[in-house]
Amino acid sequence: MQLIRAIYASYKIDSLTREDIESILAASRANNSRAEITGLLCFSHHHFLQCLEGSREQVNQLYNKITRDSRHAEPFIIDYSEISERAFSSWAMGYVPDTAISRELILKYSTSGQFDPTQMSAASALGFLRALTNTIE
Ligand code: FAD
């Protein structure tokens, strides 16, 4: 079974609450541990950006489930690759709150200081997520 990394972005719904985030994280941590999926989730005013790592079967199943979640819309795959090792192996689902995302960091990986992961290359999105690991809750 191949080890896969999928990175996608989506648009969060305007009515998303802190409770929604907590519910997503609680389900993610329980389900992902069982499925041996690791990764990172961050969000800003408009977007989610998430990385999922694990077996092809588990990552595909989870991604299909996530795309049906009404708390976000228009999921957009940025990267889907076979990998030799995980980048986020310590986290069933690490979470980075919007307050931890600085304009300086966004600018390092984007053409502007506005966070729009749909405009990031696969390498930039991965670099950006890796750079966020020291802020994980
Ligand atoms: P439950 O434990 O029954 O669901 C947990 C709670 O979430 C319930 O209280 C319910 O009110 C609420 N909920 C469930 N599905 C929906 C829905 N479609 N719309 C609105 N509310 C809902 N899940 C993971 O397992 N791993 C992940 O890494 C992951 N990442 C996510 C990233 C994003 C950006 C979003 C929006 C969702 C993510 N989810 C993730 C959640 C996923 O879409 C499912 O909601 C979740 O996996 C359901 O968990 P469960 O089967 O244990 O159901």
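Above this note sits the structure.
Computed from a prediction, not measured in an experiment: that's the story for all the values here.

Engineer: Teacher, can you tell me more about the overall build of the chain here?
Structural biologist: Looking only at helices and strands, one finds four helices and five strands in the chain. A globule of 137 residues ought to have a C-alpha radius of gyration of about 14 Å, and the chain, at 14 Å, matches this closely. On the principal axes, the C-alpha backbone points of the chain span a range of 40 × 30 × 25 Å. In the chain, which comprises 137 residues, the share counted as buried stands at 48%. Taking the contacts inside the chain whose residues are at least 6 apart along the sequence as the reference set, 81% of them involve residues at least 24 apart.

Engineer: Quick question: what am I supposed to make of the pattern of salt bridges here?
Structural biologist: Summed over the entire model, instances satisfying the criterion amount to four salt bridges. The closest approach of N and O atoms between E53 and R5, which form a salt bridge, is 3.2 Å. Of this pair, E53 sits in strand β3 (residues 47-55) while R5 sits in strand β1 (residues 3-12), placing them 48 residues apart in sequence. Accessibility expressed as a relative area gives 7% for R5, which makes it buried. Notably, a salt bridge pairs R18 with E22, separated by 3.0 Å at the nearest N-O pair. Here R18 pairs with E22, and both are found in helix α1 (residues 18-35), just four residues apart, close to one helical turn. Residue R18 is classed as partly exposed on the basis of its relative accessible area of 44%.

Engineer: Honestly, the state of the cysteines in this entry has me stumped. Any pointers?
Structural biologist: Each disulfide consists of one covalent bond between the sulfur atoms belonging to two cysteines. What the rule picks out here adds up to zero disulfides. The cysteine C42 is free of any disulfide, with C51 supplying the nearest cysteine sulfur at 10 Å.

Engineer: What am I meant to see in the sheet that holds β1 here?
Structural biologist: Picture the strands of a sheet paired through backbone hydrogen bonds; they go either parallel or antiparallel. Taken in spatial order, the five strands make up an open sheet running β4-β1-β3-β2-β5, and their pairing is mixed. Both edges of this open sheet fall to β4 (72-82) and β5 (94-96), since each of them pairs with a single strand only. Each adjacent strand pair in this sheet contributes to an overall mean axis angle of 15°, direction not counted. With six bridges connecting them, strand β2 (residues 38-43) and β3 associate as antiparallel partners. Paired with T38 across the bridge in β3 is E53. Running at roughly 160° to β5, α1 makes contact with β2, β3 and β5 of the sheet.

Engineer: Sorry, what's going on with the nonpolar core here?
Structural biologist: Across soluble globular proteins, nonpolar side chains show a tendency to be buried alongside one another. Counting 22 residues, the largest nonpolar core has I7, C42, L49, F128, L129 and L132 as the members making the most contacts within it. Those elements giving two or more residues to this core turn out to be β1, β2, β3, α3 (103-109) and α4 (122-131). By residue number, the principal contributor to this core is α4, which donates four residues. Once you skip the residues sitting within four places of it in the chain, L129 turns out to touch I7, L40, C42, L49, C51 and F88.

Rules behind the numbers
Residues numbered from 1 in each chain as written. Predicted model: local features only at pLDDT ≥ 70, side-chain atom pairs only at ≥ 80, totals over all residues. Heavy atoms only, no water. Helix = DSSP H or I, 4+ residues; strand = E, 2+ residues; numbered from the N terminus. Rg over C-alpha atoms; globule rule 2.2 N^0.38 Å. Buried < 20%, exposed > 50% of the residue type's maximum accessible area, 1.4 Å probe, protein only. Contact = heavy atoms within 4.5 Å. Salt bridge = Lys/Arg side-chain N within 4 Å of Asp/Glu carboxyl O. Disulfide = S-S within 2.5 Å. Pairing = 2+ DSSP bridges. Axes fitted to C-alpha atoms, helices over the stretch in contact; angles between N-to-C directions. Core = buried A, V, L, I, M, F, W, Y, C linked by side-chain atoms within 4.5 Å.

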